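Residues per chain, in single letters:
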Amino acid sequence: MFDILHTDSDFLVINKHPNVSVHKDDGDTMLLQEVAKVSGDRQLYLVHRLDKMTSGILLLARNREAASALSQAFANRNVEKHYLAIGCKKPKKKQGLVKGDMERSRRSSWKLVKTLDNPAITQFISLPAMPGERLFLCKPYTGKTHQIRVALKSVGSSIVGDPIYSPSSVSDRGYLHAFALSFNYNGIDHQFICDPRQSTLLGTKWQEQQVSDGIQAWLQPSSLSWPKLNIHQD
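This write-up is about the structure you can find in this document. No experiment lies behind these values; they were computed from the predicted model shown.

Quick notes on the overall build of the protein
The number of helices and strands found in the protein is four helices and 11 strands. Taking 2.2 N^0.38 as the reference for a compact globule, 234 residues should give roughly 17 Å; the C-alpha atoms of the protein span a radius of gyration of 17 Å, in line with that estimate. With the C-alpha coordinates aligned to their principal axes, the bounding extent of the protein is approximately 50 × 40 × 35 Å. Counting over 234 residues, the protein shows a buried share of 53%. Total accessible area on the protein is roughly 11,800 Å²; 46% of this is exposed by carbon and sulfur atoms. Mean positive and mean negative side-chain charge positions of the protein (30 and 22 charges, respectively) differ by 7 Å.

What follows is the structure, encoded as structure tokens:
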């Protein structure tokens, strides 16, 4: 269900396994309660969220004060996030920016629209994966529901195994992983990396040679030569 990656007096960093719900729904066990049993905390606080299918880094506060400060850091966009994804088709572009408002679509899905009133903004780069697939490193600047899943679909490469945006793609999981998280807390810079190749519980496709080579090249995502962000870019 999870692995504890780092323990601080004010927060925990865990690796959430795929297909584990952050919230109690559909009869699922409450994740925070299960983590608290291991960490010894009376209560843990959620400061951001991951979709059920998404694995990787989840930050949990250990007290109200830390929860408030960390939640504010996310709200103010002072937290740098990087996600890995495997797309099921060749994208329209290999790198770039996806920007647009998001609206509710059919059933549980969202769609990207051309208006920019309160846009979701996602920067991405990519490398070849298995034939017909693509490995993505995504850097979201906002935190909208299904943001990366919708962004990659919009460039023609919806995520392998995504039951909502790529229903014809059958796999052992939906291949989206919270790879890295960087933030400053109480004057100290923190950076955490969760390499999905470290555990087969996170999915078999991360072990494929081209995918693994790509992840290896991206192990310091903050240090990569990201194209300069231009939020006015088409």
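As for the pattern of salt bridges
Applying the stated rule across the entire model yields eight salt bridges. Among the salt bridges present, the one from Lys37 reaches Glu34, with a minimum N-O distance of 3.1 Å. With Lys37 and Glu34 both in helix α1 (residues 31-39), this residue pair falls three residues apart, about one helical turn. Since its relative accessible area comes to 62%, Lys37 is described here as exposed. For Glu34, a relative accessible area of 22% translates into the label partly exposed.

Description of helix α4 (residues 209-217)
For α4, the complete set of buried residues consists of Val211, Ser212, Gly214 and Ile215. Take α4 and look down its axis: the buried residues cluster within an arc of 160°, on one side only. Where α4 is buried, its residues meet β5 (80-87), β8 (120-128), β9 (134-140) and β10 (176-185).

Re helix α3 (residues 147-154)
For α3, a buried count of six out of eight residues is recorded, marking the element as mostly surrounded by other parts of the structure. Those residues of α3 lying buried are Gln147, Ile148, Arg149, Val150, Ala151 and Leu152. Of the surrounding elements, those touching the buried residues of α3 are β5, β6 (96-104), β7 (110-113), β8, β9 and β10. Of the residues one or two after α3, Gly156 is the one with positive phi, at around 85°.

Here's the deal with the nonpolar core
Ranked by size, the top nonpolar core spans 60 residues in total, and within it Leu59, Phe183 and Trp206 carry the most contacts. Considering each element in turn, this core owes the most residues, six residues, to β10. Contact partners of Leu59, with chain neighbours within four places excluded, come to Phe11, Leu12, Val13, Tyr45, Val47, His48, Leu70, Phe74, Leu181 and Phe183.

Some words on unusual backbone geometry
Not every positive phi belongs to a glycine, and Arg77 is a case in point at roughly 60°. Locating Arg77 in the fold gives a position in the loop between α2 (64-75) and β5. For His146, which is not glycine, the phi dihedral falls at a positive 60°.

As for the side chain of Lys16
With respect to the helices and strands, the residue Lys16 is situated in strand β2 (residues 11-16). The buried charged residue Lys16 lacks any salt bridge, with Asp51 as its nearest oppositely charged partner at 8.3 Å. There is a polar contact of 2.7 Å between the side chain of Lys16 and the backbone oxygen of Val20. A distance of 2.7 Å separates a polar side-chain atom of Lys16 from the backbone oxygen of Thr54. Those residues in contact with Lys16 that lie beyond four places of it in its chain are Met1, Val22, Leu31, Leu50, Asp51, Lys52, Thr54, Ser55 and Gly56.

How each quantity is defined
All residue numbers refer to position in the chain's written sequence, counted from 1. Side-chain atom pairs in this predicted model are given and counted only at pLDDT of 80 or more, local residue features only at pLDDT of at least 70, and totals for whole chains, interfaces and linings cover all residues. Values shown for side chains rest on all heavy atoms present in the structure; no hydrogens or waters enter the calculation. For helices the rule is a DSSP run of H or I covering at least 4 residues; for strands it is a run of E covering at least 2, with both sets numbered from the N terminus onward. For the radius of gyration, the atom set is restricted to C-alpha positions; the globular benchmark scales as 2.2 Å times the number of residues to the power 0.38. Burial status follows relative accessibility: with a 1.4 Å probe on protein chains alone, a residue under 20% of its type maximum counts as buried, one over 50% as exposed, and anything between as partly exposed. Areas reported here follow the Shrake-Rupley algorithm with a probe of radius 1.4 Å; residue values treat only the protein chains shown as occluding. His residues and chain termini do not enter the charge count, which takes Lys and Arg as positive and Asp and Glu as negative. Just so you know, the charge point we use is NZ for Lys, CZ for Arg, CG for Asp and CD for Glu. By definition, a salt bridge exists where a carboxyl oxygen of Asp or Glu is found within 4 Å of a side-chain nitrogen of Lys or Arg. Taking the helix axis as origin, the arc is that swept by the directions to the C-beta atoms. The contact definition used throughout considers only heavy atoms, calling two residues in contact when any of these lie within 4.5 Å. The definition of a nonpolar core used throughout is a set of buried Ala, Val, Leu, Ile, Met, Phe, Trp, Tyr and Cys residues joined through side-chain atoms within 4.5 Å. As used in this structure description, the phrase polar contact means that two N or O atoms lie within 3.5 Å; if the pair is within protein, one of them must be able to donate a hydrogen and the other to accept it, and residues adjacent in sequence are counted only when both atoms belong to side chains.

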